[in-house]
Structures are given as C-alpha cells and as structure tokens.
Amino acid sequence: MDVFKINGKNTLKGEVTLHGAKNSALPILAAALLVKGVTVIHNCPDLSDVRETLGILESFGCKVERNGNTVVIDASVVDGSEIDEHVMRLMRSSILFLGALLARNHSASIFLPGGCDIGSRPIDLHIKSLRALGAEIIENGSSINCTCRGMTGAKIILPFPSVGATENIIIASAISRGRTIIVNAAREPEICDLVQFLNSCGARIYGAGEGTVEIEGVSELHPSEHRIMPDRILASTYMSACAITGGNIIIHDVKPSSLTPVFPIFNEMGCRLYLRDDCLEISAPNRLKRVKMIKTMPYPGFPTDSQSPIAAALSVARGTSVIKENIFENRFRYISELNRFGCDIDINDRIAVINGVKHLKCANVYATDLRGGAALVVAALRAEGESTINQLEHIDRGYESLEKNLLLLGADIKRIKNEEEGKA
C-alpha cells in the first residue's frame, strides 16, 4: 500500500481549486439509475468511492464512460438488482441504491453496508421509510431483499434529520404515484444538489434545504446534464492545513453559503477570510487562538466531517479548545494517532479537550477513517521532521490527489510505496 511522506514546517501559500463534493456525487450517481437514457455529470471527483459506485452502475447493465471530471451514464437498460456484499461492506453510501432499484426495477437485494467505523449508523430509518412508500422488505441476517409494485407517496416523519434516509426517500419517490412529504428532512447542501439534478431530469421536488420536503411523483425522468457542487469538506480541510502552517492561500470554486457554519470557527482562531465571487482567501496568524467550544450538529450547524482536520489545527493553538461530537460516537478514534505528534488532547466520552502545544514532532501514524486521515495529514504539515501517514485507502475515499494539491501550495509531501510492506 502507498504511504504519505511529509516533511513539516513549510508555510502553505498559493492557489488551489476544489473538486466536486463526494457527498453530493454518490447520491447523484445512484439517482442516475432512474433515468432511462444518458446522464452527463460534470465535476465528478475521481475518488475510490466514486469508482466503486460507477462499478455498481455497470454491474446493473449501465454503460459508463469517464472523460476527465465528466462522467457519462447510459441507464437505458438496467437488468440487475443485487449489489455485491464486498462492495456493500466497503462503502456505506451503496445503501442509496436501495431506493433507486425499487423505483426503477421494483426489486432490490443488498447486504448491510459498511464504510468508516466512526459510530453506529443504522439503516432502520431507510427500511421504515421505504416500507411506508410501499416496499415489502425481508431482512435475513446480513441481507435485505425488497420488492414493490411501485412506489406510492406517503408522509414520512424522521425522528432526526438523517442525510442518508432523506436522500433515499427523495430518490425512491421521484418516480412514484402520488405525493411524498418528508418532515424533519436533512438540510445539507448536498441534498439540495441532488434535488437540483433530479428536477433537471423532470422530477417535481420542493423545499430542499428546508425542514419539510415535498415530492410530487412523476412517471419517468428524462436525460439531463448536471455539475456537482464543490466539496465544502475539502475546503475546510485546506483551510485547516493553511491555518496550522500560518499560511495564506486562495481556494477557487467555493460555494460560500455551504461554508457559513465553519467561517466563525476560523475567525475565532484568528484567521482572516476574504470572499470574492467563488474564491476564498484565508490568511492565518503565526499561532492560532483557541476556540472556546465547537459542537457538531446537522446542517446548518457545524459539520462533523470538518471537526477532525480543524482539531488538528487547534492542537497548536494558544490555550484550550473544546469539541463536542454530537453525531457519531466513534468520531474521535483518530485522536490517539494524532497525539503521536505530541498533541495534548484528552477524550471524555464525546468531548475532546485540546490543550494547544507550541511544537509538533514527526510521527509514523495510521489513518483510522477518511476525515481522521485528513487530520493526520494536517498535523504532519506542522510537525518537525518527516512523518509517515499509512492506510491511505481511507483518505482516497474522499480526497482526489490530495498530495498533488498540497504540493502546489508548497507542502513537502510525496506518495510512495510502503517499503516496509515490500520487505514483508
């Protein structure tokens, strides 16, 4: 497996462009299964999760072509309804094909999904919601077999604003009979992007980004083109990397409204932010200030996906910062690896107390999950000496060519084969 070798202490400067949002691309690609024709998706990131998703589409009989960051999907013929168990274990978002398959083929056979081990993410809301729409679902250990005579509109009240369940309901009911109402729907920008794509294909979906979403079912969707929104989590990762090194960078292709939950945190850290159209400039002080309290919450609250790289940046801030993780109970698994750099971070249940230190030392660390892996990269950029980041397969799930883009900003980072693994 590959590893990152990072020599720290370089101040990041320069310009970088965001790629398309992973959390937007995956549901949109699943929704493309509903279109009996050719769908063109622009700004589609080349990530391992995206490649797995395209592979699932091909396994159903779709024709898939990629040209740069544009993906063309021909779903004229869909003759499959089962997802391989290995793929389901690798990628949690594959659960989104459940609603798409039921709406398109009226049957689906899947296994329980996997993904990063950041906490319990049960799919009971997906199952209960799809049953409300008319699906007959049999759960048999690790497998789930579903059939329906067609999706029928219903009123679904979610006990909490689950992003995945909201997306699955929207996809499943886009081509259905009657009207579906989702109460307490998730409001993330990526859901708005999904709805924008579906509506461009002829769907009738209203209220995306609000607590209540209404879907007027249509009989079919027509081909369309769509450009995936820029990745807001990638933006906050670059911002964290800039902040920890005391740098000054410009990030292009930013959607400012999607980043409003994190802007106050960077301001409190002492960073200066300048917005010009779709460009964001961030200028960091030589040493960051502490942040009194960060609480992760569903959008428009502070995103759980951004807390890991920001925690790494705060590890060298002046004073003590506190982060309370309200979404995933295992989100702090990366902290033990982060502390190998000499960070002083204590965990008590879902609360991280970050006592800022002046210096970080190089370390040999292992990514535990996607965003935790990004936190290790951020810390290594500040550490004295050469650090090694292992298990890049986690990072590759959500960051396209991260090392190349950091290199453009002046980081001393390279991706190489693991020499120790070769000796074994």
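Residues numbered from 1 in each chain as written. Predicted model: local features only at pLDDT ≥ 70, side-chain atom pairs only at ≥ 80, totals over all residues. Heavy atoms only, no water.

### Looking at unusual backbone geometry
Stated formally: Runs of H or I in DSSP of at least four residues are treated as helices and runs of E of at least two as strands, each being numbered from the N terminus.
Cis peptide bonds are those with omega within 30 degrees of zero, and the linkage from tyrosine 299 to proline 300 qualifies with 15 degrees. When you line up the elements, proline 300 lands in the loop between β17 (294-295) and α10 (304-314).

### Comments concerning the sheet that holds strand β2 (residues 13-17)
Note the cut-off: Following DSSP output, two strands are said to pair if at least two bridges run between them. Only the contacting stretch of a helix is used when fitting its axis, a line to C-alpha atoms as for every element, and angles between N-to-C directions run 0 to 180 degrees. Residues are treated as being in contact if the distance between any of their heavy atoms lies within 4.5 Å.
Read across the open sheet, the four strands follow the order β2-β14-β16-β15; overall the sheet is mixed. Each having just a single partner strand, β2 and β15 (272-276) make up the two edges of the open sheet. Direction aside, the axes of adjacent strands within the sheet are offset by 15 degrees on average. As paired elements, β15 and strand β16 (residues 279-283) share five bridges and run antiparallel to each other. By the bridge assignment, leucine 273 is partnered in β16 with isoleucine 282. Seen against the sheet, helix α8 (residues 232-244) touches β2, β14 (248-252), β15 and β16 and runs at an angle of roughly 170 degrees to β14.

### Things to note about the sheet that holds strand β4 (residues 63-67)
Here we have four strands laid out as an open sheet, ordered β4-β5-β3-β13, and mixed in their pairing. Edge positions in the sheet fall to β4 and β13 (225-227), since each of these pairs with one other strand and no more. Within the sheet, the average angular offset between the axes of one strand and its neighbour, ignoring direction, is 15 degrees. As paired strands, β4 and strand β5 (residues 70-74) are joined by five bridges and run antiparallel to one another. Across the sheet, glutamate 65 pairs through a bridge with valine 72, a residue of β5. Each of β4 and β5 is contacted by helix α2 (residues 48-59), which is oriented at about 150 degrees to β4, the strand it contacts most. Helix α7 (residues 189-200) contacts β3 (38-42) and β13 of the sheet and is inclined by roughly 165 degrees relative to β13.

### Side note on the confidence of the model for the chain
Note the following rule: Summary of the metric used: pLDDT quantifies the predictor's per-residue confidence within the range 0 to 100.
Per-residue confidence for the chain averages 93 on the pLDDT scale, and 96% of its residues sit at or above 70. Long-range and interchain partners of residues 115-121, a stretch whose pLDDT sits below 50, account for 23 contacts in this model, where long-range means more than four residues apart.

### A closer look at the side chain of serine 224
If you trace the backbone, serine 224 turns up in the loop between β12 (212-216) and β13. Sequence-distant contacts of serine 224, defined by excluding residues within four places in its chain, comprise Val38, Thr39, Val40, Ser200 and Cys201.

### What to know about the packing of helix α1 (residues 22-31) against α2
Note the threshold: Here the word oblique covers every angle except those under 35 degrees (roughly parallel), over 145 (roughly antiparallel) and from 65 to 115 (roughly perpendicular). Residue polarity is assigned by list, with Asp, Glu, Lys and Arg as charged and Ala, Val, Leu, Ile, Met, Phe, Trp, Tyr, Cys and Pro as nonpolar; anything else, Gly included, falls into the polar class.
It is the contact of α1 with α2, at a shortest axis distance of 10 Å, that shows an interaxial angle of 0 degrees. The orientation of α1 relative to α2 falls into the category roughly parallel. Facing Lys22, Ala25, Leu26 and Leu29 of α1, the residues of α2 in contact are Asp49, Val50, Thr53, Leu54 and Leu57. Along the lines of polarity and charge, the residues of the contact of α1 with α2 split into six nonpolar, one polar and two charged.

### Examining the pattern of salt bridges
How we decide: The salt bridge criterion pairs a side-chain nitrogen of Lys or Arg with a carboxyl oxygen of Asp or Glu, the two atoms within 4 Å. Throughout this description, buried means an accessible area under 20% of the type-specific maximum (1.4 Å probe, protein chains only), exposed means over 50%, and partly exposed covers the range between.
On inspection of all chains with the given rule, the structure shows 15 salt bridges. Taking the shortest distance from any N to any O, the salt bridge between arginine 51 and aspartate 46 comes out at 2.8 Å. Relative accessible area serves as the criterion here: at 44%, arginine 51 is assigned to the partly exposed category. The salt bridge involving arginine 131 is made with glutamate 139; its shortest N-O contact spans 3.9 Å. Because the salt bridges share partners, they merge into one network encompassing Asp2, Asp396, Glu403, Arg415 and Lys417.

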